[in-house]
Structure formats: structure tokens, C-alpha cells
Amino acid sequence: MEKEYTLGVIVENKSGVLAHIAGLFSGRGFNITGLSVGETENPEYSRMTIVVRGDDKIVEQIKKQLNKFIDVIKVMDLSSVPSVHRELILIKVKATQSKRQEIFQICEVFKGKIVDISHDTLTLEVTGITDKIEALISLLKPYGIIEIARTGRVSISRGFKKGGER
Amino acid sequence: MKISGAQAVVEALRKEKVKVIFGIPGGVIIPLFDVLYDVKDIDVIITRHEQGAIHAADGYARSSGKPGVCLVTSGPGATNIVTGLATAYMDSVPIVALTGQVPTSLIGNDAFQEADTTGITRPITKHNFIVKDPDELVTVMKKAFYIATTGRPGPVLIDLPKDILTAEIEFNYPETIKIPGYNITTKGNPRQIKKVVEAIKKAKRPLVYAGGGVISSNASEELKQFIKKTGMPITLTLMGLGAYPGTEPEFIGMLGMHGTKTANYAVDKCDLLIAIGARFDDRVTGKLSMFAPHARFIHIDIDPASISKNVTIDIPVVGDAKEILKEINRHIDKLDIEDWIKQIEAWKKEHPLTYENDDILRPQYIIERLYELTKGDAIITTEVGQNQMWAAQFYKYTRPRQFITSGGLGTMGFGLPAAIGAQIANPDSLVVDIAGDGSIQMNIQELATIAQEDLPIKVLILNNGYLGMVRQWQEFFYNKRYSGVDLRKRSGGNQKEDKYNYIPDFVKLAEAYNAVGMRIDKKADVDGAIQEALKTKKAVIMDFIINPEENVTPMVPAGAPLHKMISSKEDAENYLLA
Ligand SMILES: Cc1ncc(C[n+]2csc(CCOP(=O)(O)OP(=O)(O)O)c2C)c(N)n1
Ligand SMILES: [Mg+2]
């Protein structure tokens, strides 16, 4: 059965690694829906959060293929352990005087921030799980969305241990 | 003491006990060739094309088990080895490829002869490096050899910018190396091994299906013990030929698209399939959902990513085949599988590999005679196509590293340069390239390397005037519409001058390269010609004018289940109608 998987991948922090991993997904026809990268607590390593769609078998293959890369230090399946998932969106919407108040309210409900304001636009910053971000987008659509920038998901396991070790 | 980067590369090669490298120089790599000028203990073989160099390094590695080394310049030198890297990657061959690169200050500037070599080769190497800091050079060399030769072997590329080769560095070669993201499991999990032993004891119709991994792991002896102890039948993949002696009664031939009927029937009927160092390639399995439909699967492999990739495995064992077989051998005995063996013997009797026995010069006959006259002892390399399949079917390989062929990628032009590498690694062995008239021309320039190095390689061309394997598919599945496969003169040529109007005249070509050329077009002349060639100290090109429309049989149509084998256009039509 096809579903969404979130993988945390620790990789060597050097040039070419991102291209290598992106190449794996295109080369083997894996369906990647999200990717984010940043440095970790150890500056030699970066952490990627990769969101993929597929069935168990495909995701098992992806994990194995990732593990095979010499620049990959560790692959964690964060869908199989309790984890926190977050995404950040910056969204610029049309905001005429008459609509401003409504948009402020939406922003408040979503625990967001207004990060920029102009004569007829507002830019909101919101973080949350993907569903929440999608809900925000659909609520703001009627006002006229001008531009969206999203980070892609970052995920981390809950509890004391690293990477969902049990 | 400080030495130059180029000297450090050579010192590292010495530490890795490299005796020979294959390559072609160019602008940015001159500093390295300059150092090699004074080096006596490492032989530098200059090929005529970089593809020749990397295939030669590959043939050297496959025939010796030692890593092959290839050295080329930046840009076109590097792009010319791409096919060779992909070939070695698909067949898990340990190669270290050193490529020159423009100076670090120019990288990204579209400098003269600049190509993004690591970018281009990333998906076709086990790993690659670009050295941007001279202090990293020595560790990178160590890592490259370590990665290429351990675990599931493969090609590793090191891109060497010119300024790294000229920089002054301290040479401290590490004795051992740890790479955090590279962990190999060699010892099989004891619980899994126990399960394997239990499954074997319970099996009524067990079958071993072994591949190139057995050869990489040097596990042939252990495999032999396993088979002799249990009495189990064994089939081999194209890459596995030689891993178990083709002369032993337990061997039932190759399986897959051009496998024997016995092997394919046995797969279809077995109740336990033990895959060892094999990867369930589509040319082996045919229609995946109907592959070994009654069997439980055991898979022994060093590469966890190979397990359950195509077929769901019941009992996987990750590790080195040699270690694992050793362990299994301690717990097994003769199996009670007499009925199964009887069935297999009956298939063998009923369905041997055959061909028409008449006066026509047929390729199968030539290879059978080559087998007899060389006492089965030659190292055989092949090109790709029908020639390759006949070489697999009709020569019996009795030891690992005796049969050298491009299996996974199917690279035409592989055989001749691979023979160079094999001959250099085995100076006292007889090396024969079994070739097709099409493929041989893809690296024919290497006849010059053969002449330069005085290599006594024998080239046996099965000349059908066609890109024969493609023609066969067109005969079977495209109603004989021979599109793009005829290699003869369009005009029909001059019958008086050249009765076959084949291009080129391989006999004249042989002479141009200081080799001996022979043309054989009669069955009765085959033995005499082969004997004469074997007596000749020089390279020989034997141009056998074979039946142009000879086919490789049996054949499993692509995507069909293994037991649906066909042998002719009529069979194919019936199959497609059914
Ligand atoms: C580099 C490359 N190009 C194309 C092919 C496709 N191909 C596979 S077999 C074959 C025919 C080979 O002809 P020849 O060498 O004469 O061998 P034959 O089948 O006639 O024995 C071709 C074109 C290939 N395998 N490799
Ligand atoms: Mg041909």
C-alpha cells in the first residue's frame, strides 16, 4: 500500500553529497515529495529530511540504497517511531484594508507571525505539520496568494535517544 | 620529507602493490606521467583509446582478483572512460580510475578540457572523490583502494586537479582506514545460517543458483564442497560461469534467457532456490511473478540492497559468501533427493544444447572445437551478442576468473581490451577473445596496443556480417524486418574481389597490426586453423565466416516465464499467439 514516509538521513557535510542523493531518487525512479538539509550538532555532518511516497518494499529499497552510499552515515525511519515534524511557510497574500482584520485573525489561529506588511499585501510566517500548512494555504486562497516559500519538512524523534534508537 | 602530489600518487600505488596501470596522458596529467617516466616497478600500458584502458584494467581485475588501475587526462580522457566505469560498476569489478582535472582555481570556469567528472560518474561508480586539498590526497588514495576492493567491489574514481599533483605534501600512508559511512557485514548472522541449514535439510527439490559474487568472494572451493556434500544440482548465471566446474555432473548449465532447458525447468520446479552472490537480474528471472513459483528463497549476498530487491526472500543472509558457505558446510550432509536428481538427469538427456550437425560452418561447432583443442584451459573474453552467448554455452569453464564478459551492461567492444588486461595479468595463459564482427570494431584500435606489447592474444571472430543478436530478435519478434543490422556493403560489393563483401577485411587488418590473419569458411578447416593459431607466438585474428542467420537457442522471450523457451521464428509466432 502506498503511503508517505519520513526519513532522517545523516550525511557527510561536503559538496556533491546532495547531488548524489538527489541523483539516487531520479536514477531509480523513487518518488520524492520533500527534501530539506541543514548542519547538525556535529559540523562534519548534515541532516536531511526526505519525504517519500511508496509502498513498504520501495521504501525498504530506498533505505538500503541510501545506506549503501559511503557519504551516508545513518538512515532513520522517522515514520516508524514517535517523532515531531515541522515545516515553515512564508506566504504573501493580497490584503486590502477591508480584508486585513480577517487575515490577522487567521494568522493568530495558526499561531503565526506577520513578518512583512505593505499597502496591499501581508506576509505571514507559520510553522507546523504539513496538514496545518495546507489548511492555511487553502484558507488564504480566496484573498489572493501572491507568492509562497516553504522549507520542506524537518523531523526529529521524540525522547532522549538520537535518531529513534530503541 | 615533502614530495610532490604526483610522487605521492605513485608511492600510494606502490603501497597498494600495483604492478601495472593502463592509460593515455594529456595536458593536466603530465606531472604524473613525468614521475612514471623513472618508475621501473610499475608498468604503464598505453592504449589507443581511454575506453580500451579502462576495459583492460577491468580484464586485469577480473582475471586476477586484484584491483585494476587506469590513468587518463581531464575532459575527453575522463568522458571516454564512462562506458568502462558503468561496465565495471554493473559487474562489481574493483577498479581505481585516476583522472586528471584542471587546476582547482579554474574549476567551474569552462576551462580547456574541463568536465565535471565526479558529477558525470557519480551514478556509475561505487564512490568518487575530487581532491581539492593536497593534504587529503594520500588518505583519498587509501580510501579509494579500500572501497574498490572490499564489500561488493566496484570502480572508484579519483579526480586529480593539476595543482594537487604539483603541490608539496608529506607522505604518510595510513596502514588502516575507517570510513564512518562504510560498514561491511562479512560474517553471516548465525540465526539466519541455522534457518538456511534447516531449510536445506527439509528440501525435496533444492537448487543452487550462483553468480559472480561467488567469484568476487573467492568462494569457489567452499561452493564445491557444498555441492559435493549435499549432492544438490547447481545452475550458474553468465557472470558466475567458472564458479563451479562446468564439467561436473551437478552442473546443469546456465539459466535465464539463453540458459539450458534443464536449468530453466529446474528453476521452475524446485522447492528451494539458494541464490549465492547473484542478483535476480531480469535476463535471469524472465517474468518475475512466475520465477521459481514453487520455491522458498534463500539469498546469500554481501550487498543488503540486493536482497528482496526483485524477489521477496524468505531467508536472507548478508555477508561474504566464502565465510557463510564455510559455516553452512559444517552443518550439512548428503541430501535424500534421488527423485529430483533423476528428474534432472532425464531433462539433461532429453534437452542437451544442440545445433545442426551438417556441412555448414556453425559457431557452436567452432567453440566446441576451441574447447577441445585448448583442453578447456584458455581464459576466454567475449564481446557482446550471439558470440557471447555461444561462448557461454559451448565452452566449459572449470575455474573462476576464466570467463570474462560484460554481463550487466552488455558492452560491445569490451572483449579485446579486456583480453589485454587478462593477458598482462596472466602472461603464461592462453587468452582468447571470442568476438562478433560488429563488437570487435568498437575497440579494434587496441590491436595496436597488442602489437606494441607483443601480446599473443588470439581473436576468434564469429563473422556473420550482422549485428547478429539484434537480427535474431528481429527474426523472431519483428517478422524478419532486418532494420539497421546488416554490416555488408550496400552495393553488394565486388564478388570477384571479396566473395562475402564483409567490411573490413580482417585478414588484411591483422597484417596491418603486425598480427597473423586467417580466414576460415569451411567446417573441415576449423581444427587445422585453431591448431595453427595456438602454435603461433604472435597475436592471431581468425575470421570465421559463419552461417549468417544462425540463432542462439534456446531463448526465453523478454518478459516470458523461464519455462517458455523458443528456438525459432515459428516458435515465437506460436508463443505470441498463445
Ligand atoms: C555499445 C553497444 N551498442 C549497442 C549494443 C546493442 N547490441 C547488442 S548485441 C548487438 C550486436 C552485436 O553484433 P556482433 O558483435 O557482430 O555480434 P553477433 O551478435 O553478431 O555475434 C548490438 C548492436 C550493445 N550491446 N552495446
Ligand atoms: Mg555479428
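As the structure is a prediction and not an experimental result, all values here were calculated from the model. (Residues numbered from 1 in each chain as written. Chains lettered and ligands numbered in written order. Predicted model: local features only at pLDDT ≥ 70, side-chain atom pairs only at ≥ 80, totals over all residues. Heavy atoms only, no water.)

### Some words on the confidence of the model for chain B
Part 1 of the argument: For chain B, the average pLDDT comes to 97, and 99% of its residues sit at 70 or higher.
Part 2 of the argument: Interface scoring of the predicted complex returns ipTM 0.87; its pTM is 0.95. (pLDDT = per-residue confidence, 0-100.)

### Quick notes on the sheet that holds strand β7 (residues 155–161) of chain B
Residues and elements named next belong to chain B.
Part 1 of the argument: Read across the sheet, 6 strands follow the order β3-β2-β4-β5-β7-β6 without closing on themselves; strand pairing throughout is parallel. Among the strands making up the open sheet, the edge pair consists of β3 (43–46) and β6 (127–130). Each adjacent strand pair in this sheet contributes to an overall mean axis angle of 20°, direction not counted.
Part 2 of the argument: Sheet topology places strand β5 (residues 95–101) next to β7; 7 bridges connect them, and they run parallel. Residue pairing in the sheet places I95 in a bridge with P155 of β7.
Part 3 of the argument: Of the strands in this sheet, β4 (68–72), β5, β6 and β7 touch helix α7 (residues 137–149), which is tilted by about 165° from β7. (Pairing = 2+ DSSP bridges. Helix = DSSP H or I, 4+ residues; strand = E, 2+ residues; numbered from the N terminus. Axes fitted to C-alpha atoms, helices over the stretch in contact; angles between N-to-C directions. Contact = heavy atoms within 4.5 Å.)

### Quick look at the pattern of salt bridges
A pair can form between side chains of opposite charge whenever their charged atoms are brought close.
All names here are of chain B.
Part 1 of the argument: Scanning the entire structure with this criterion turns up 35 salt bridges over all chains.
Part 2 of the argument: With its nearest N and O atoms 2.9 Å apart, the salt bridge here joins D377 to R399. Placement of the pair is D377 in the loop between α16 (363–373) and β15 (379–382) and R399 in the loop between α17 (386–394) and β16 (403–404), with a sequence separation of 22 residues.
Part 3 of the argument: A relative accessible area of 26% means that R399 is categorised as partly exposed.
Part 4 of the argument: In this structure, R519 and D543 form a salt bridge, with 3.1 Å as the shortest nitrogen-oxygen distance. Residue R519 is found in strand β19 (residues 516–520), and its partner D543 is found in strand β20 (residues 540–545); the two are separated by 24 residues along the sequence.
Part 5 of the argument: Classification of R519 by relative accessible area gives partly exposed; the value is 36%. (Salt bridge = Lys/Arg side-chain N within 4 Å of Asp/Glu carboxyl O. Buried < 20%, exposed > 50% of the residue type's maximum accessible area, 1.4 Å probe, protein only.)

### What to know about the pairing of strand β17 (residues 431–436) of chain B
All names here are of chain B.
Part 1 of the argument: Of all 6 residues in β17, 6 are buried, a share of seventy percent or more.
Part 2 of the argument: Burial of the side chains of β17 extends over both faces: V431, D433 and A435 are buried on one face and V432, I434 and G436 on the other.
Part 3 of the argument: Inspection of the sheet shows β15 paired to β17 by 4 bridges, in the parallel sense. Counterpart to T381 in the pairing with β17 is D433.
Part 4 of the argument: As paired elements, β17 and strand β18 (residues 458–463) share 5 bridges and run parallel to each other. Bridged to G436 within β18 is L462.
Part 5 of the argument: Once you follow β17 into helix α19 (residues 447–452) and on to β18, the crossover reads as right-handed. (Right-handed = clockwise from strand over helix to strand, strands pointing away.)

### Considering the coordination of the magnesium ion (ligand 2)
All names here are of chain B.
Part 1 of the argument: Taken together, D437 (OD), N464 (OD1) and Y466 (O) make up the full set of protein donors to the magnesium ion (ligand 2), lying 2.1 Å away.
Part 2 of the argument: The sequence motif formed by the donor residues of the magnesium ion (ligand 2) is D-x26-N-x1-Y. With D437 in the loop between β17 and α19 and N464 in the loop between β18 and α20 (468–477), this pair connects stretches of sequence that are 27 residues apart. The two residues D437 and N464 agree in class, both being buried. (Donors = N, O, S within 2.8 Å, 3.2 Å for Na, K, Ca; no water.)

### A few points about the site of ligand 1
Residue and element names in this part refer to chain B.
Part 1 of the argument: Within the structure, ligand 1 sits among 17 residues, and Q386, G410, G438, S439 and G468 are positioned closest to it.
Part 2 of the argument: N387 has a polar side-chain atom sitting 3.0 Å from an oxygen atom of ligand 1.
Part 3 of the argument: Separating a nitrogen atom of ligand 1 from a backbone N or O atom of M412 is a distance of 3.4 Å.
Part 4 of the argument: When isolated, ligand 1 has an accessible area of 580 Å², and the protein chains bury 76% of it.
Part 5 of the argument: Those elements that place two or more of their residues in the shell around ligand 1 are α17 and α20.
Part 6 of the argument: It is α20 that contributes the most residues to the shell around ligand 1, 3 residues altogether.
Part 7 of the argument: Of the residues contributing to the shell around ligand 1, the split by class is 7 nonpolar, 9 polar and 1 charged. (Near = heavy atom within 4 Å. Polar contact = N/O pair within 3.5 Å; in protein donor to acceptor, adjacent residues only side chain to side chain. Areas by Shrake-Rupley, 256 points an atom, 1.4 Å probe, with all protein chains shown as cover. Nonpolar A, V, L, I, M, F, W, Y, C, P; charged D, E, K, R; others polar.)

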